[in-house]
Amino acid sequence: MTVCSLGQASALAMGAHGRNRVGRGGLTPWRPARSGGLHITGAPVRRDSIEAGTFEEQFFAIPAQGETDRLLRAARRALDIGRRLRREARAGTRTLDAAETAIATLTAGAVRVFEELLTLARLNRGRVFPSYDHLAEATGLGRATVARGLRALEAAGLLVTQRRFKRVPGEGATRYAQTSNVYRAMLPARLLALLPRSWRPAPLPDDQIQREADRDEEQAAMQAGLSCRELAQLTVGGALGAMLARLGAALDGAGCESHDDPQPLSKSIVQGKQP
């Protein structure tokens, strides 16, 4: 009969799903992961995770017509550029900066994973949250290759990734578990700088630039004339804006001259000098 300590027996009863193992020598104790403590489910939620269902509407974006095809062409061109950069770096004719180094790490497997993510974005109106198993099966690549490809895409700026966790229903204390990540494809400016001139947007006409500058100047002048309460309502909005508006109203009632000039009134200074 194997003898276990009280702590080992408690861990075995909770069931750590593979992190506590029973072998010939008894229970092998689980060691905490670097990212944090042990949840009641036995699985730590990874760092920088956000609860599923609380942010996706702001994260996802419906791709425009032809946008996914353009992004895929850009990724394939970036793959060719990365190969050229690696050759020049090996030959000693070029020193790569951080952006060029990230693009040089792109592989054919990473672009294949990117293609599958773009397909899902086109079919699901931008809502992309596949599991590693789905990506591995759809691309014919291994899970490790998929993981490396996702990291390379994110480093190159072609992909934005957000980890998620979910609540696990059950009796007693609230339980949490990691769920699939969400993804959004991008075309970063650092990659556009390396692509041919035809990929870059045309510069704005001078008259449009002047109109935008005049509009910004008029908006700044309008905001400068607002009270603290009105400025909070205009620039923030929502619950936070309402709270700041109440604070602004209090500042307005206290005699705040302007949000651009927070110095006290000269009258209050004079009164403060009087005995």
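Our subject is the structure that appears above.
Residues numbered from 1 in each chain as written. Predicted model: local features only at pLDDT ≥ 70, side-chain atom pairs only at ≥ 80, totals over all residues. Heavy atoms only, no water.

1. Observations concerning the packing of aromatic side chains
With the rule as written, the count across this model stands at three aromatic pairs. Each ring, one from F55 and one from F59, has its centre 6.1 Å from the other, and the planes form 80 degrees; the classification is edge-to-face. Each of the two residues, F55 as well as F59, counts as buried. With a centroid separation of 5.6 Å and 80 degrees between ring planes, the pair formed by F59 and F60 is classed as edge-to-face. An aromatic cluster of three or more residues is present, and its members are F55, F59 and F60. (Phe/Tyr/Trp six-rings, centres within 6.5 Å; stacked < 30°, edge-to-face > 60°. Buried < 20%, exposed > 50% of the residue type's maximum accessible area, 1.4 Å probe, protein only.)

2. Structural notes on the nonpolar core
Soluble globular proteins: nonpolar side chains tend toward being buried together. Within the largest apolar cluster, 34 residues are counted, with the highest numbers of intra-cluster contacts made by L106, F114, L117, L150 and L153. Taken together, the elements giving at least two residues each to this core come down to α3 (67-91), α4 (98-104), α5 (108-123), α6 (132-139), α7 (143-156) and α8 (189-192). When sequence neighbours within four positions are dropped, the list of residues in contact with F114 reads L71, L72, A75, L153, L158, L159 and A185. (Core = buried A, V, L, I, M, F, W, Y, C linked by side-chain atoms within 4.5 Å. Helix = DSSP H or I, 4+ residues; strand = E, 2+ residues; numbered from the N terminus. Contact = heavy atoms within 4.5 Å.)

3. Details of the packing of α5 against α6
Two numbers describe how α5 lies on α6: the axes approach to 10 Å, and their chain directions differ by 110 degrees. Accordingly, the angle class assigned to the pair α5 and α6 is roughly perpendicular. Of the residues in α6, those in contact with R112, V113, E116, L117 and L120 of α5 are H134, L135, A138 and T139. Partitioned by chemical class, the residues of the contact of α5 with α6 number five nonpolar, two polar and two charged. (Axes fitted to C-alpha atoms, helices over the stretch in contact; angles between N-to-C directions. Parallel < 35°, antiparallel > 145°, perpendicular 65-115°, else oblique. Nonpolar A, V, L, I, M, F, W, Y, C, P; charged D, E, K, R; others polar.)

4. Some remarks on the environment of L106
Mapping L106 onto the fold places it in the loop between α4 and α5. Placed 26 residues apart in sequence, L106 and D80 show a C-alpha to C-alpha distance of 9.2 Å. Look past the residues within four positions of L106 in its chain and what remains in contact with it is A78, L79, R86, A152, L153, A156 and L158.

5. A few points about α7
Along its 14 residues, α7 runs 20 Å from first to last C-alpha, staying within 8% of the 20 Å computed at 1.5 Å per residue. Regarding α7, the residues found buried are V146, A147, G149, L150, A152, L153 and A156. Packing partners of the buried residues in α7 comprise α4, α5, α6, β4 (159-168), β5 (175-185) and α8. At the exit of α7 stands G157, carrying a positive phi of roughly 90 degrees. (Expected span 1.5 Å × (residues − 1).)

6. Quick word on unusual backbone geometry
The backbone of D48 sits at a positive phi, close to 65 degrees, despite the residue not being glycine. Summarising the element assignment, D48 is placed in the loop between β2 (26-28) and β3 (50-51).

7. Here's the deal with the pairing of β4
When β3 meets β4, the two strands line up parallel, connected through two bridges. The partner of E51 across the bridge, within β4, is F165. Pairing of β4 with β5 involves nine bridges; the strand directions are antiparallel. Along β5, the bridge assignment pairs T161 with Y183. Where β4 folds back onto β5 in an antiparallel hairpin, the turn is made up of six residues, including G172, whose phi is positive at roughly 90 degrees. (Pairing = 2+ DSSP bridges.)

8. Describing the sheet that holds β4
An order of β3-β4-β5 is seen for the three strands of this open sheet, with the pairing classed as mixed. Two strands lie at the open edges of the sheet, namely β3 and β5, each paired on one side alone.

9. Re the side chain of Q162
Within the fold, Q162 resides in strand β4. The exposure class assigned to Q162 is buried, which follows from its relative accessible area of 17%. From its side chain, Q162 meets the backbone oxygen of D48 in a polar contact 2.7 Å long. The contacts of Q162, once residues within four sequence positions are left out, are D48, S49, I50, F55, F59, N181 and V182. (Polar contact = N/O pair within 3.5 Å; in protein donor to acceptor, adjacent residues only side chain to side chain.)

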